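Survey of secondary and tertiary structure
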Amino acid sequence: MALIGLGMSCLAPAADEPQQFFQVTKTERLDFPPGGLLRLKNSIGQVMVEGWDRPDVELNTTKSTKDAYNSQDREKAVRELDQVRIAAERHGDELVITTAFQRYGTFKPLLRGGTRFDLEYRISVPRNARVTIEHDTGYVSLDNVAGDIHVTASQAEIALHLPEDGQYAIEARSKLGDVTSDFPGHMQRKLWFLGKQYAHENAAASQKIDLRAGYGDIIILKSPTLKKTAALPQ
């Protein structure tokens, strides 16, 4: 009985050990051609793209487990995150970032998005870059990008921030969702009021924007233009 009691007391700390979520974060600096195209293929989770003044691209990704694990199952958690592979390759004037992963479960769900992980991308690109995103499920946000933008998402919310004084040609469609815009344009409900279509035409547009969502809302917001102020005399 004493030996059994000792064995149970040794197991108690492991049983009482609090479980925790695991994550892996990676940051890369990537060369980018002037006026090039950034293309995301099969992205999933949260994608945040922001324009900056540098000529290169910074890619920061965070992979996290959806389930909590104790220390004994740490290797299992790491293996699951290792199955999510993100690769960046240069093809001519394109920088292509591809995501490969396995879905959760044996049977394909009716709605997409079932995975055992969460994934977040934070990407800084040259402000004049062109951006094309082929997204799976989650959330996509673009801010301060002056090049042409094309986003398609199966099941996601798309948010776009544009300087209020810019010239744009915008087309946005959601099959099962709403479209809202701070800019004037033609808004049209689709059949059975299940989706919405919006167009902002401008013959003098310097930036073309095409946004498509299968299921999810599209939001287009005005961002105030930052004005430079003269330095005060000393």
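Residues numbered from 1 in each chain as written. Predicted model: local features only at pLDDT ≥ 70, side-chain atom pairs only at ≥ 80, totals over all residues. Heavy atoms only, no water.

**A short note on the overall build of the protein chain**
Along the backbone of the protein chain there are two helices and 14 strands. Evaluated residue by residue, the protein chain yields a buried proportion of 36% over its 234 residues. Across the protein chain, every contact between residues at least 6 apart in sequence was considered, and the portion connecting residues at least 24 apart equals 68%. Summed over all atoms, the accessible surface of the protein chain reaches about 14100 Å², with 53% contributed by carbon and sulfur. (Helix = DSSP H or I, 4+ residues; strand = E, 2+ residues; numbered from the N terminus. Buried < 20%, exposed > 50% of the residue type's maximum accessible area, 1.4 Å probe, protein only. Contact = heavy atoms within 4.5 Å. Areas by Shrake-Rupley, 256 points an atom, 1.4 Å probe, with all protein chains shown as cover.)

**Observations concerning unusual backbone geometry**
For Asn42, which is not glycine, the phi torsion reads 65 degrees and is therefore positive. If you check the backbone angles, Asn144 has positive phi at about 65 degrees while not being a glycine. Tracing the sequence through the fold places Asn144 in the loop between β7 (130–143) and β8 (149–163). Its relative accessible area of 25% is what places Asn144 among the partly exposed residues.

**A short note on the side chain of Gln207**
One can find Gln207 in strand β13 (residues 207–215). A distance of 2.6 Å separates the side chain of Gln207 from the backbone oxygen of Gly147, its partner in a polar contact. Here Gln207 is in contact with Val145, Ala146, Gly147, Asp148, Ile149, Leu162, Gln167, Tyr168 and Ala169, once residues within four sequence places are set aside. (Polar contact = N/O pair within 3.5 Å; in protein donor to acceptor, adjacent residues only side chain to side chain.)

**As for the packing of aromatic side chains**
Considering all chains together, one arrives at three aromatic pairs under this definition. Ring centres of Phe101 and Phe117 lie 5.6 Å apart, and the angle between their planes is 70 degrees; on these two criteria the pair is classed as edge-to-face. With Phe101 in the loop between β5 (94–100) and β6 (117–126) and Phe117 in strand β6, this residue pair connects regions lying 16 residues apart in the sequence. Taking the relative accessible area as the measure of exposure, Phe101 reaches 16% and is therefore buried. Here the aromatic rings of Tyr168 and Phe183 are separated by 5.4 Å at their centres, their planes lie at 70 degrees, and the arrangement is edge-to-face. A residue pair is termed long-range when its members are at least 10 positions apart, and Tyr168 in strand β9 (residues 168–176) and Phe183 in the loop between β10 (179–181) and β11 (186–189) qualify at 15 residues. With respect to burial, Tyr168 and Phe183 carry one shared label: buried. (Phe/Tyr/Trp six-rings, centres within 6.5 Å; stacked < 30°, edge-to-face > 60°.)

**What to know about the environment of Asp217**
One can find Asp217 in the loop between β13 and β14 (218–223). By relative accessible area, Asp217 is classed as partly exposed at 34%. Sequence separation between Asp217 and Gly177 is 40 residues, and the spatial gap between their C-alpha atoms is 4.8 Å. Within the local environment of Asp217, its side chain forms a polar contact with the backbone nitrogen of Asp178, the two atoms lying 2.8 Å apart.

**Looking at the pairing of β7**
In this sheet, β7 lies alongside strand β2 (residues 37–52) in parallel orientation, the contact comprising 12 bridges. Opposite Val49, over in β7, you have Leu142 as the bridge partner. Sheet analysis places β7 next to β8, joined by 12 bridges and oriented parallel. The residue bridging Tyr139 from the neighbouring strand is Glu157, located in β8. (Pairing = 2+ DSSP bridges.)

**What about the confidence of the model for the protein chain?**
On average, residues of the protein chain score 85 in pLDDT, and 82% of them reach the 70 mark or higher. Helix α1 (residues 2–16) is the least confidently modelled element of the protein chain, averaging 42 in pLDDT, while β7 averages 98, the highest of any element. This stretch, residues 1–13, has a pLDDT under 50; its non-local contacts, to residues over four places away or in other chains, come to zero contacts. (pLDDT = per-residue confidence, 0-100.)

**Considerations on the environment of Ala172**
The residue Ala172 is located in strand β9 in this model. Overall, the relative accessible area of 0% leaves Ala172 in the buried class. For the pair Ala172 and Met187, spaced 15 residues apart in the sequence, the C-alpha separation amounts to 9.5 Å. Residues contacting Ala172, with those up to four places away along its chain left out, are Val179, Lys196, Gln197, Tyr198, Leu211, Ile218 and Ile220.

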